[in-house]
Amino acid sequence: MAFCPVFLIALFVTSLAFASPPSHIGIRTVYQFDDGTFLENIAVRSNGHLLLTSVIKPVVYSLDPRDPNPTIVFEFPNATGTTGIVEVYPDVFAVLAGAWNFTTAVAEKGSLCLWTVDVRRSEADGKKIACVPESTALNGATILEVTPGIVLVSDSRFGGIYSINVHTGEVELVIQDILLEGIGDGAFGFGINGLRTQGHKLFFANTAKKFFGSLQLTPSAQTFGPIKTISTVPNGINFTAYDDFALDKKGNAWIALHSHALVVVTPSGEQHFVLGGDRSTFLADPTSAAFGRVEQGGKETLFVVTAGFGISGGQVVAIDY
């Protein structure tokens, strides 16, 4: 575990270097793993505790940011890693788990399944909902806000989005498009990665094609209208790919940007650095972000998780503003 001082940074920056830092943004390390743990995704419980997934460990961790000491709340059988996580009902989370090959960033066919993990009691209860036998890269997960019980998951190799009903286990491929496909092998060859919904709109990041986009959804998760490009990865040797992201109430996307940055993209496509625009390496390959539930002193908090490449393990970083 490691802590760092609070750094004050500029929120909106239009160049690759920060302007003079204002006093209303703070950055702090909540926790850092020291065993090489690669943190893949994050969700936040109603009590403010964080749930963390890892592509190299078949578990969900729980971490109280006010007293950081991670514990394993559920371990998945016949799996080596976990990826997407999203709350489907209060304190009931959908989680993707499977047998991943970390070197090739491909999972064994037939191993990728969606589970629900119920953390309402002292001992979490896990239930396998459905598997997608043809997939080798189920990655992001989100809910269909207008239709309770439907989880949308991204297939980063196939370039598709599946709809999974957590009540019936029904699986349906609702979209497959060339704009969702990737390019090449490895994790940076992934196509659609993180995805989130807000109303009838779905937002997503394409890692290999280096853009953040959106499309319209019907209540049955069918798409209509074209895929829209909102922003692209900024130029610079340190900026390689978008990963997962969080949406705030105003529709801004706070996107993890490899290798060391976090950007915010407005609904109109304006893009600003939050951290890393000064070539800082503080974030060790950020992978996802989520907003906290418990305000600290009137401030909101965005939590960012990282893969931890080049350091001892994945980080959980808090941005207070």
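Each chain has its residues counted from 1, following the order in which its sequence is written. The predicted nature of this model means local features are confined to residues of pLDDT at least 70 and side-chain atom pairs, given and counted, to a pLDDT of 80 or more, with totals for whole chains, interfaces and linings taken over all residues. The basis for the side-chain values is all heavy atoms of the structure; hydrogens and waters are excluded.

1. Quick notes on the overall build of the protein
Across its full length, the protein carries 0 helices and 26 strands. When its C-alpha atoms are laid out on the principal axes, the protein stretches across 55 × 45 × 35 Å. Only protein chains enter the accessibility calculation, which uses a 1.4 Å probe; a residue whose area is less than 20% of its type maximum is buried, one above 50% is exposed, and one in between is partly exposed. When burial is assessed residue by residue, the protein has 59% of its 321 residues classed as buried. Any two residues whose heavy atoms approach within 4.5 Å at even a single point are treated as in contact. Of the contacts formed within the protein by residues at least 6 apart in sequence, a portion of 48% connects residues at least 24 apart. Strands are runs of DSSP state E lasting at least 2 residues, helices are runs of H or I lasting at least 4, and numbering of each runs from the N terminus.

2. With respect to the sheet that holds strand β4 (residues 57–63)
Taken in spatial order, the 4 strands line up as β2-β3-β4-β5 in an open sheet, and their pairing is antiparallel. Looking at strand neighbours, the two that pair on one side only are β2 (39–44) and β5 (71–75), the edges of this open sheet. Averaged over neighbouring strand pairs, the angle between their axes works out to 30 degrees when direction is ignored. One bridge is not enough; two strands pair if DSSP finds at least two bridges between them. What counts as an axis is a line fitted to C-alpha atoms, over the stretch in contact for a helix, and the angles between N-to-C directions run from 0 to 180 degrees.

3. Points about the confidence of the model for the protein
pLDDT measures how confident the predictor is about each residue, on a scale from 0 to 100. Looking at the protein, the pLDDT average stands at 90 and 92% of residues meet or exceed 70. Counting interchain partners and residues more than four positions distant, the pLDDT-below-50 stretch residues 1–23 has 66 contacts.

4. Re the sheet that holds strand β16 (residues 192–198)
Taken together, 4 strands build an open sheet; the order of strands is β16-β17-β18-β19 and the sheet is antiparallel. Looking at strand neighbours, the two that pair on one side only are β16 and β19 (223–232), the edges of this open sheet. The sheet shows a mean angle of 20 degrees between the axes of neighbouring strands, direction not considered. Pairing of β16 with strand β17 (residues 201–206) involves 5 bridges; the strand directions are antiparallel. Its bridge partner lying in β17, I192 is registered against N206.

5. Focus: the state of the cysteines
For the purposes of this analysis, a disulfide is any pair of cysteine sulfur atoms at a distance within 2.5 Å. This model, assessed by the stated rule, comprises 1 disulfide. A sulfur-sulfur distance of 2.0 Å marks the disulfide that ties C113 to C131. Judged by the sign of its S-S torsion, about 85 degrees, the cystine formed by C113 and C131 is right-handed. On the criterion of sequence distance, the pair formed by C113 in strand β10 (residues 113–118) and C131 in strand β11 (residues 125–131) is long-range, its members being 18 residues apart.

6. As for the layout of surface pockets
Here a cavity is any set of points on a 1 Å grid over the protein atoms alone where a 1.4 Å probe fits but cannot get out, and a pocket is any open set with protein on both sides within 12 Å along at least 5 of 7 lines; a residue lines the site when it has an atom within 4 Å of a point. Grid points are joined across faces, edges and corners, and a volume is the space filled by probe spheres set on the points. As a volume, the largest pocket reaches approximately 1000 Å³. Lining the largest pocket are 36 residues, with A246, L247, D248, K249 and F291 positioned closest to its centre. Listing elements by their share of the lining of the largest pocket, those giving two or more residues are β2, β6 (81–89), β12 (138–143), β16, β20 (239–247) and β24 (286–291). Per-class residue counts for the lining of the largest pocket are 19 nonpolar, 7 polar and 10 charged. Considering the residues around the second largest pocket, the lining is formed by 21 residues, among which F38, E40, A105, A187 and F190 are closest to the centre. Listed by contribution, the elements that provide at least two residues to the lining of the second largest pocket are β8 (100–101) and β20. Residue polarity is assigned by list, with Asp, Glu, Lys and Arg as charged and Ala, Val, Leu, Ile, Met, Phe, Trp, Tyr, Cys and Pro as nonpolar; anything else, Gly included, falls into the polar class. Residues of the lining of the second largest pocket, tallied by class, amount to 10 nonpolar, 9 polar and 2 charged.

7. Observations regarding the environment of V86
Relative to the elements of secondary structure, V86 occurs in strand β6. On the basis of relative accessible area, V86 is assigned to the buried category, the value being 12%. When the C-alpha atoms of V86 and A43 are compared, they prove to be 6.2 Å apart, with 43 residues separating the residues in sequence. Discounting residues that sit within four places of it in the chain, V86 has contacts with V92, F93, A94, A141, T142, I143 and V151.

8. Some points on the packing of aromatic side chains
Pairs were defined over the aromatic rings of Phe, Tyr and Trp, the Trp ring being its six-membered one, requiring ring centres within 6.5 Å. Orientation was assigned from the angle between planes: stacked under 30 degrees, edge-to-face over 60, tilted for the rest. Under the criterion given, the structure shown has 13 aromatic pairs. Ring centres 5.3 Å apart and planes at 80 degrees place the aromatic pair F76 and W115 in the edge-to-face group. Linking F76 in the loop between β5 and β6 with W115 in strand β10, this pair joins segments that are 39 residues apart in sequence. As far as the burial class goes, F76 and W115 line up, both buried. Ring plane angle 90 degrees and centroid distance 5.9 Å describe the contact between W254 and F291, whose orientation is recorded as edge-to-face. With a gap of 37 residues between them, W254 in strand β21 (residues 253–259) and F291 in strand β24 connect regions that are remote in the sequence.

9. So, the nonpolar core
The criterion is simple. A nonpolar core is a set of buried Ala, Val, Leu, Ile, Met, Phe, Trp, Tyr and Cys residues joined through side-chain atoms within 4.5 Å. Membership of the largest hydrophobic core comes to 25 residues, with the highest contact counts inside it found for W100, L114, L138, V151, V153 and I164. Breaking this core down by element, the ones donating at least two residues are β6, β7 (92–98), β11, β12, β13 (150–155) and β14 (160–165). It is β7 that contributes the most residues to this core, 3 residues altogether. What I164 contacts, discounting residues up to four positions off in sequence, is L114, I129, A130, V132, G149, I150, V151, V153, E170 and V171.

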